[in-house]
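Residues per chain are reported as follows:
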Amino acid sequence: MRNIKWIVLVVVILSMIAPMAMAQDSGEGLTIGFSQIGSESAWRTAFTNAVKAEAEARGINLLFSDAQQEQENQIAAMQAWIAQGDVDAIVLAPVVVSGWDVVLEEARDAGIPVVIVDRNVDSDPSLYVTRVSSDFVHEGRLAAAWLVQATSGNCNIVELYGTVGSAAAEDRATGFREVIGMFSGMEIIASETGNFVRTEGKQVMESILSSEDPANICAVFAHNDDMAIGAVEAIKEAGLVPAEDILIVSVDAIPDIFDSLDAGEVNATVELSPFMGGPAFDAAIAYLNGEDVPKWIPVGGGLYTNRADYDATH
Ligand code: GYE
């Protein structure tokens, strides 16, 4: 009789614990701080919304910080969460590559795991659980490969550079130059930062169109769609036909760019998935459960020249 009582007691305790273990697997009940760069582009906003939706669907309490593209604001938010002991984990989308060692060491010392998402940091990988991101170098290669085939390897190119010091800009530039460097007729004749912002992309393009002979510009490689759309406006206001007089290839695959592609005002875009919240939360949960997590969790994307092809694969 006594054994039966013990068995019943164990079953009751396990039934109480099991839901908590399941909650841990989904992340339900966890508090996670998300340090987001800002809202500089349509892709960034889509990324933010996707992360928030994923957290809500999982029952994760998400503490959100918009840093207005200032690294100091990102660090301050992280230090506040660490000091107050508010969070079980931190997800960081770093605006630039450098300057994260101290706050990442503070998180480590406080026993708070950090998951990097999107852009990269140059800190020791031991200071964060993993990075969830696309391969920005590959994105640059894809854009260049499309442009080479569209121009038979002969093109004077204007580059609208992203945020200086960011992995997205540095790596896209690297991949793009790696491919065009194989073709002596492909040359970047001007490169200026538009900081991933639509209005700045337009301003930079206006400036280049006034300083360069527009007839000498074959194409624009924009590090993101927002700057490409800004460049389209500048090209049209200069009396030129975008995607014909000057080809345009960019990155992100935001909804607006498909309007431009289908209107014949942009030629191609390389997809960057905004859906990194799920893999990031899974990595944090796995780490908290004592499981091994790979140091890089890639998200993929292809090159698209029209909405139909994109819709057919999504
Ligand atoms: O391409 C751009 C955003 O970090 C890869 O940041 C991301 C870039 C993206 O401002 O739209």
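Placed above this text is the structure.
**Describing the packing of helix H8 (residues 225–237) against helix H9 (residues 255–262)**
Any two packed helices are characterised by how steeply their axes cross, that is the angle between the axes, and by the distance between the axes.
Then comes step 1: H9 packs onto H8 with a crossing angle of 40° between their chain directions and a minimal axis gap of 9 Å. Judged by the angle between their axes, H8 and H9 are oblique. By crossing handedness, the relation of H8 to H9 is classed as left-handed. Touching Asp225, Ala228 and Ile229 of H8 are Asp256, Ile257 and Ser260, all from H9.

**Re the sheet that holds strand S6 (residues 155–161)**
Then comes step 1: Pairing in this open sheet of six strands is mixed, and the strands run S7-S6-S8-S9-S10-S12 from one edge to the other. With one partner strand each, in any of the chains shown, strand S7 (186–193) and strand S12 (303–304) form the two edges of the open sheet.
Then comes step 2: Lying over the sheet, H8 contacts S6, strand S8 (219–222), strand S9 (247–252) and strand S10 (268–271), oriented at roughly 155° with respect to S9.

**Details of the site of the ligand**
Then comes step 1: Within the structure, the ligand sits among 13 residues, and Glu40, Asp118, Arg119, Arg172 and Asp252 are positioned closest to it.
Then comes step 2: Glutamate 40 is positioned with one of its side-chain polar atoms (N or O) 2.5 Å from an oxygen atom of the ligand.
Then comes step 3: Here the ligand has 300 Å² of accessible area as a free molecule, and 100% of this is covered by the chains.
Then comes step 4: Among the elements of the structure, helix H2 (42–58) and helix H6 (167–180) are those that each provide at least two residues to the shell around the ligand.
Then comes step 5: Among the residues making up the shell around the ligand, the classes are represented as five nonpolar, two polar and six charged.
Then comes step 6: Taken together, domain 1 (20–134 + 273–298) and domain 2 (136–272 + 304–313) each give at least three residues to the shell around the ligand, which thus spans both.

**Concerning the packing of aromatic side chains**
Then comes step 1: Following the criterion strictly, the structure yields six aromatic pairs and no others.
Then comes step 2: Arranged with centres 5.7 Å apart and planes meeting at 55°, the rings of phenylalanine 34 and phenylalanine 64 form a pair that is tilted. Placement of the pair is phenylalanine 34 in strand S1 (residues 31–36) and phenylalanine 64 in strand S2 (residues 61–66), with a sequence separation of 30 residues.
Then comes step 3: Centre to centre, the rings of tyrosine 304 and tyrosine 310 are 5.2 Å apart; their planes meet at 80°, and the pair counts as edge-to-face. There is no split in this pair, since tyrosine 304 and tyrosine 310 are both buried.
Then comes step 4: An aromatic cluster is present here, built from Phe34, Trp43, Phe47 and Phe64 joined pairwise through their rings.
Then comes step 5: The aromatic ring of tyrosine 128 is capped on one face by lysine 295, whose charged end is 5.3 Å from the ring centroid.

So, how was this worked out
- Residues numbered from 1 in each chain as written.
- Predicted model: local features only at pLDDT ≥ 70, side-chain atom pairs only at ≥ 80, totals over all residues.
- Heavy atoms only, no water.
- Axes fitted to C-alpha atoms, helices over the stretch in contact; angles between N-to-C directions.
- Helix = DSSP H or I, 4+ residues; strand = E, 2+ residues; numbered from the N terminus.
- Parallel < 35°, antiparallel > 145°, perpendicular 65-115°, else oblique.
- Left-handed = near helix turned anticlockwise from the far one by under 90°.
- Contact = heavy atoms within 4.5 Å.
- Pairing = 2+ DSSP bridges.
- Near = heavy atom within 4 Å.
- Polar contact = N/O pair within 3.5 Å; in protein donor to acceptor, adjacent residues only side chain to side chain.
- Areas by Shrake-Rupley, 256 points an atom, 1.4 Å probe, with all protein chains shown as cover.
- Nonpolar A, V, L, I, M, F, W, Y, C, P; charged D, E, K, R; others polar.
- Domains from an automatic or database assignment.
- Phe/Tyr/Trp six-rings, centres within 6.5 Å; stacked < 30°, edge-to-face > 60°.
- Buried < 20%, exposed > 50% of the residue type's maximum accessible area, 1.4 Å probe, protein only.
- Lys NZ or Arg CZ within 6 Å of the ring centre and 35° of its normal.

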